[in-house]
Amino acid sequence: MAAANPSSTSSQAAVAKGNENTYESLEQQRLSKVKALISGMSLDEKLGQLIIVEYLGTDYDNSPLPPMIAQHVGGYLYQAANRNFQYPSNTIDAVKQVGDLANKDARIPLLIAVDQEGGLVNKIATFFGDAPSAADLTATGDPNKALEAGQVAANHMQQLGINTNLAPVVDVQTVTPPLLQSRIFGSDGDTVAAYAGAFLNGVQKNNVIGCLKHFPGLGALTAGNENDPHLALPVVSSSMDTLQKYDLVPYKKLIATQKPAMIMSTDVVTTAIDPDLPAELSPKAINGVLRKQLGYIGVVITDGLYMGGIINHWTLGEAAVLSIIAGNDLIEGPTTASEVAEVVQAFKDAIKNGRLSEQRIDESLQRILLMKMQYGIIKA
């Protein structure tokens, strides 16, 4: 056997070290620019960036979206249920124009998001037709098919002017029938990590933000209204050992290997973590498990705070405050300027009475703006 060429090995190491240094230098440059941007922002501008709103209807100028953008919100979400893609916004060019108009009105460029999982949650089917579900992709036996699906989703979203995909689902199925059915990649954490990770890679390597969901996991919930977070506040009673063996495995693996830009927390009471609060409002779940135990340093976004599991128990403003205290960065859900104002006022009141600090707001803001800069939404 021929001896290894030491000069070749050392040159490869030098290239790797050089790439690492370049990446660290780029990160430092971005951080410096973000800090400079934050230093010039008013409190209202800072607080607005922590809010993702929903766009209602098809007529941008006469919708509630421009007044919400004037309140400095960080971005908006398209939903088929909100009629966003009905006539006359049922063409690629029309949707792209909405994003262009919105960004023209925004001081800081917007996160423009959609849930594009494929299968049952194929929000852009109007423009591009069917897309395979998570279950379809796993059934191929080839994670490269999930990679391709992520690439296709990113390409389609870019054509529409959308820069953020609230997908993939990384819930691990441990019951039958599962609440999320074909939206789940599998029944063991390794399989879910392999396929969801490939899909995430396809999205993020094509310059669209990806998002793992629904932390800490909905895979132990059976189908039924009592377990639907849109309607109720579900309870997952799995032991911590079970959570570690199943639900948390994809997060552990993908946080370590894939650098997910975002993770979505959800409104489910996971008793082994916190028997009192839904995960997205729980410091034990977000600051404790996700950030400290799993080491996640990226952006955490809530699920819709208008869902029954939340709004039946807390006001929108109080839920938003609890979300930030818990460790989330972005709260999702307002649909009108008055709802944005309610959240902003709740944040201000929480700062005034010491429940939140402006430093804590700046921590979330820094994560959000760094993500926007990394994905070219804010030009470096």
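Structural notes, computed from the coordinates. Note that the structure is a prediction, hence the values are computed from the model and not measured.

**Description of the nonpolar core**
Ile51, Tyr76, Tyr78, Phe199, Phe215, Met262 and Phe347 are the most contacted members of the largest nonpolar core, which totals 106 residues. Among all residues touching Met262, those that are not within four sequence positions of it are Thr164, Leu166, Ile209, Gly210, Cys211, Leu212, Tyr296, Val299, Ile301, Leu330 and Met371. Residues Leu180, Ile184, Leu221 and Val236 belong to the second largest nonpolar core, which totals eight residues.

**Here we look at the layout of surface pockets**
By volume, the second largest pocket is sized at about 480 Å³. Lining the second largest pocket we find 25 residues, and of these Arg183, His214, His230, Asp303 and Met307 sit closest to its centre. Elements supplying a minimum of two residues to the lining of the second largest pocket: β7 (211-215) and β11 (299-304). Of the residues forming the lining of the second largest pocket, the biggest block, three residues, is contributed by β11. Here the residues of the lining of the second largest pocket are counted per class, giving 12 nonpolar, six polar and seven charged.

**Section: the pattern of salt bridges**
Summed over the entire model, instances satisfying the criterion amount to 14 salt bridges. Residues Glu358 and Lys46 are paired through a salt bridge, measuring 2.9 Å at the closest nitrogen-oxygen approach. Of the two residues, Glu358 sits in helix α15 (residues 358-374) while Lys46 sits in helix α2 (residues 43-49), which places them 312 residues apart along the sequence. Taking relative accessible area as the criterion, Glu358 reaches 34% and is therefore assigned partly exposed.

Conventions and cut-offs
Residues numbered from 1 in each chain as written. Predicted model: local features only at pLDDT ≥ 70, side-chain atom pairs only at ≥ 80, totals over all residues. Heavy atoms only, no water. Core = buried A, V, L, I, M, F, W, Y, C linked by side-chain atoms within 4.5 Å. Buried < 20%, exposed > 50% of the residue type's maximum accessible area, 1.4 Å probe, protein only. Contact = heavy atoms within 4.5 Å. 1 Å grid on protein atoms, 1.4 Å probe; cavity = no way out; pocket = protein on both sides within 12 Å on 5 of 7 lines; lining within 4 Å. Points joined across faces, edges and corners; volume = space filled by probe spheres on them. Helix = DSSP H or I, 4+ residues; strand = E, 2+ residues; numbered from the N terminus. Nonpolar A, V, L, I, M, F, W, Y, C, P; charged D, E, K, R; others polar. Salt bridge = Lys/Arg side-chain N within 4 Å of Asp/Glu carboxyl O.

Purely geometric numbers; function is a separate question.
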